[in-house]
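# Report on the structure
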Amino acid sequence: MSWQSAVLSMIGGMGLLLYGMYVLSDGLQKIAGKRLREALTQLTKNRIVAMGLGTLVTVLFQSSTATTVILVSLTSASIISLRQTLAVILGADIGTTVTAQLIALKATEISLPIVGIGATIIFFSKRHKHKRIGQVLMGFGLLFLGLKIMADTMHPLRDDPMFGKLLLQMSDKPLLAMIVAAIFTFLVHSSAATIGIIMLLAMQHMIALEPAIYLLFGANVGTAFTAVLSSLGSSRESQRVATAHLLFKVVGVLLFLPFVGPLAKVMTALTSNAGFQVANVHTFFNIAIAVLFAPFISQFARLLEFIVPEKKQPEADVTPKYLDETLFNTPEVAIGMATKEIMHISDLVSDMTKDIYSLLKSYDPDLAEKMHQKENHIDSLASATNKYLTHLLRQQLSKDEFNKTMGLVHIVRDYEYIGDIIEKNLMYKAESKYVNNLDFSAEGHKDIITMHNKIVELLYIVNTAFATNSCMLAEKAKTLQEDIVDLEFRLRMSHIARMQRGTQETENTSFIHMDVINAYLRISEHLKNIAMALTDEVSCTWHDEALILTPPSEMWEVNGSGKQQSVSKAN
């Protein structure tokens, strides 16, 4: 075989292997992405269980990168802690060793039948779920078919003097072997591909076990280095997860380097099969790292927080906390991160809503300036979130994912409209009242306080419904909004009655008073839109209301002086 043919065959085999991993991972994420996300959320409190779960997920995905992507999103959203994430990463490293064991078992020989079965299911099945299962099988088969092509390509090269000389040089220079393996792993973004080639070289008796161990070390470091580079520019939690992966591997390699010789002798004594020798070293190395670091996860997490501290941003500089475009390949996770960002926006809207009556009661330029800044932040975050969701809509989404994403687009828009109403209507009226030295009548103040507290109550219920994905609270919000419509009518009639009595303050502030009441009504309509989006598009769930809702009166209320006061319930 000529070198040209060998290179082309190797490139083709590598392409099939990488594409097979992609198809396998994509199919599994579409089948069980949401369930795996829920499992990682629920089962990672115990570090042993977390390690086992990390191993299982990576065995299924055949990629520690896919597992890491999910972990980064959950950690960034504060759904699981960094300490829980570290245990899963250790388990994920163990999960990657299963591929090596399958190669040693010569699973490559059944690759074509697996591809055939997967393709048959894809073409003849009518249900999407069955098609995804076929996709997983086909990806699994393509992965091993790529390895088989590379193995068949390498076999004639064992007699090539130039190739033998190249491998001999690497055998004599362990550092060079590790660097080459690390660089190659970084370039192909897959340690499984590199380890597969190392095993094929050993199984063809082209390299001895010791040089293979050095190449294994390089491949392990290379895959972690890939994660570090891909995390640059992303969130701090993402960088900590990637840094943890790198440190686990580097420290493990440094600890094992002095014992390569004895380790090779032990593995040779256990089995004479060169493939199993390499696979066993890879498995032992990753299990040893997990056993070594598992007891010190808490201390290691503190070290990572010291190495990668939080960025100190100026208060005026507000950027999205959770939006990560690298998650578009996992739509379920991307939707979760967008939801978290919208909750951030809803918090700012809540702050502005709570403060507006204080401004109407007694205008404070400093408070008004802070509210203007919050409105700018809302506009900036809403624009970024809308852009993120629009890009997400261009991905391959299921019907449920598409509806959820569209629902979130509508929810972002309504929160932004509420901020605009507060700034352009309510704050403007508060300033106009202050400039013209006007004041509401005592009854007018009472009406506005009543309306304000109802809007605050509605906003709290809607925000809680969104945060907990509660259908019950969304329906409660719709009912409350109808009450607010009736309240607005009664307050309007009450104001007209005062006008007829000739109350001086009522006459002077009539337009301002009616515009304020109307602005509050418009806010309630946008909050009702959010509740409708939850029930009609986002697919909310039914919870026990008592478990998730604290009465708004216990959170905040406005008293007659225009100040927010917290009320705690007596035990």
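Coordinates for the structure precede this section.
Definitions and cut-offs
Residues numbered from 1 in each chain as written. Predicted model: local features only at pLDDT ≥ 70, side-chain atom pairs only at ≥ 80, totals over all residues. Heavy atoms only, no water. 1 Å grid on protein atoms, 1.4 Å probe; cavity = no way out; pocket = protein on both sides within 12 Å on 5 of 7 lines; lining within 4 Å. Points joined across faces, edges and corners; volume = space filled by probe spheres on them. Helix = DSSP H or I, 4+ residues; strand = E, 2+ residues; numbered from the N terminus. Nonpolar A, V, L, I, M, F, W, Y, C, P; charged D, E, K, R; others polar. Salt bridge = Lys/Arg side-chain N within 4 Å of Asp/Glu carboxyl O. Buried < 20%, exposed > 50% of the residue type's maximum accessible area, 1.4 Å probe, protein only. Patch = residues over 30% accessible without salt bridge, like charges linked within 9 Å, V, L, I, M, F, W, Y side chains within 5 Å. Areas by Shrake-Rupley, 256 points an atom, 1.4 Å probe, with all protein chains shown as cover. Core = buried A, V, L, I, M, F, W, Y, C linked by side-chain atoms within 4.5 Å. Contact = heavy atoms within 4.5 Å. Polar contact = N/O pair within 3.5 Å; in protein donor to acceptor, adjacent residues only side chain to side chain. Phe/Tyr/Trp six-rings, centres within 6.5 Å; stacked < 30°, edge-to-face > 60°. Axes fitted to C-alpha atoms, helices over the stretch in contact; angles between N-to-C directions. Parallel < 35°, antiparallel > 145°, perpendicular 65-115°, else oblique. Expected span 1.5 Å × (residues − 1).

Bringing empty space enclosed by the protein into the picture now. Per the stated rule, a full pass over the model turns up 4 cavities of 30 Å³ or more. By volume, the largest cavity amounts to about 50 Å³. Elements supplying a minimum of two residues to the lining of the largest cavity: α10 (191-203), α11 (209-231) and α12 (236-256). It is α11 that contributes the most residues to the lining of the largest cavity, 3 residues altogether. Here the residues of the lining of the largest cavity are counted per class, giving 2 nonpolar, 7 polar and 2 charged.

For the structure shown, the criterion picks out 9 salt bridges. A salt bridge links Lys429 to Asp515, with the shortest nitrogen-to-oxygen separation between them at 2.9 Å. Within this pair, whereas Lys429 is found in helix α18 (residues 399-435), its partner Asp515 is found in helix α22 (residues 510-536), the two being separated by 86 residues in sequence. Residue class for Lys429 comes out buried when judged on its relative accessible area of 18%. Relative accessible area serves as the criterion here: at 34%, Asp515 is assigned to the partly exposed category. Bridged by salt links that share partners, the residues Asp351, Lys354, Asp355 and Lys374 form one connected network.

Quick look at a nonpolar patch on the surface now. Together, Leu175, Ile179, Ile183 and Leu187 make up an exposed nonpolar region whose accessible area comes to about 400 Å². Mapped onto the fold, Leu175 is located in helix α9 (residues 174-188). Classification of Leu175 as exposed rests on a relative accessible area of 57%.

The biggest cluster of nonpolar side chains holds 69 residues, and the ones touching the most others in it are Ile356, Leu359, Ile411, Tyr415, Ile422, Tyr520 and Ile523. When contributions to this core are tallied by element, the ones reaching two or more residues are α16 (331-361), α17 (365-393), α18, α19 (442-468), α20 (471-501) and α22. The element that contributes the greatest number of residues to this core is α16, accounting for 14 residues. Leaving out residues up to four positions away in the same chain, Tyr415 has contacts with Ile342, Ile345, Ser346, Val349, Ile378, Leu459, Val462, Asn463 and Ile530. Ala100, Ile197, Ile289 and Ala301 belong to the second-largest nonpolar core, a separate cluster that totals 66 residues.

Turning next to the side chain of Ser125. On the secondary structure map, Ser125 appears in the loop between α6 (111-124) and α7 (128-157). Looking at Ser125, its side chain comes within polar contact range of the main-chain oxygen of Arg127, at 3.5 Å. In this structure, Ser125 is in contact with Thr120, His130 and Lys131, ignoring residues within four places of it in sequence.

This part covers the environment of His372. The residue His372 is located in helix α17 in this model. Sequence spacing of His372 and Met427 is 55 residues, and the spatial spacing of their C-alpha atoms is 9.0 Å. Non-local contacts of His372, meaning those with residues more than four positions away in its chain, are made with Glu423 and Met427.

What follows is about the packing of aromatic side chains. Within the structure shown, the criterion is met by 8 aromatic pairs. Relative to Phe300, the ring of Phe248 has its centre 4.8 Å away and its plane inclined at 15°; by these criteria the two rings are stacked. Here Phe300 lies in helix α15 (residues 297-307) and Phe248 lies in helix α12, a separation of 52 residues in the sequence. The class of Phe300 is buried, set by a relative accessible area of 11%. Geometrically, the ring pair formed by Phe256 and Phe285 is edge-to-face, given 5.2 Å between the ring centres and 75° between the ring planes. Here Phe256 is found in helix α12, whereas its partner Phe285 is found in helix α14 (residues 274-293), with 29 residues between them in sequence.

Okay, unusual backbone geometry next. Trans peptide bonds make up most of the peptide bonds, and negative phi angles are found at most residues other than glycine. In this structure, Asn469 takes a positive phi of about 55° despite not being glycine. One can find Asn469 in the loop between α19 and α20. With relative accessibility at 22%, the residue Asn469 sits in the partly exposed group.

What follows is about the packing of α19 against α20. Helix packing geometry: the angle between the two helix axes and the distance between the axes. Two numbers describe how α19 lies on α20: the axes approach to 10 Å, and their chain directions differ by 170°. Here α19 lies roughly antiparallel to α20, going by the angle between them. Here the contact of α19 with α20 is composed, by residue class, of 13 nonpolar, 6 polar and 8 charged.

Now for the environment of Ala531. Mapped onto the elements, Ala531 comes out in helix α22. Judged by relative accessible area, which is 0%, Ala531 ranks as buried. The contact partners of Ala531, leaving out residues within four places of it in the chain, are Ala474, Ala477 and Lys478.

When the terminal C-alpha atoms of helix α4 (residues 82-95) are compared, their 20 Å separation across 14 residues agrees well with the 20 Å that a helix rising 1.5 Å per residue should span. The element α4 is extensively covered by neighbouring structure, given that 13 of its 14 residues are classed as buried.

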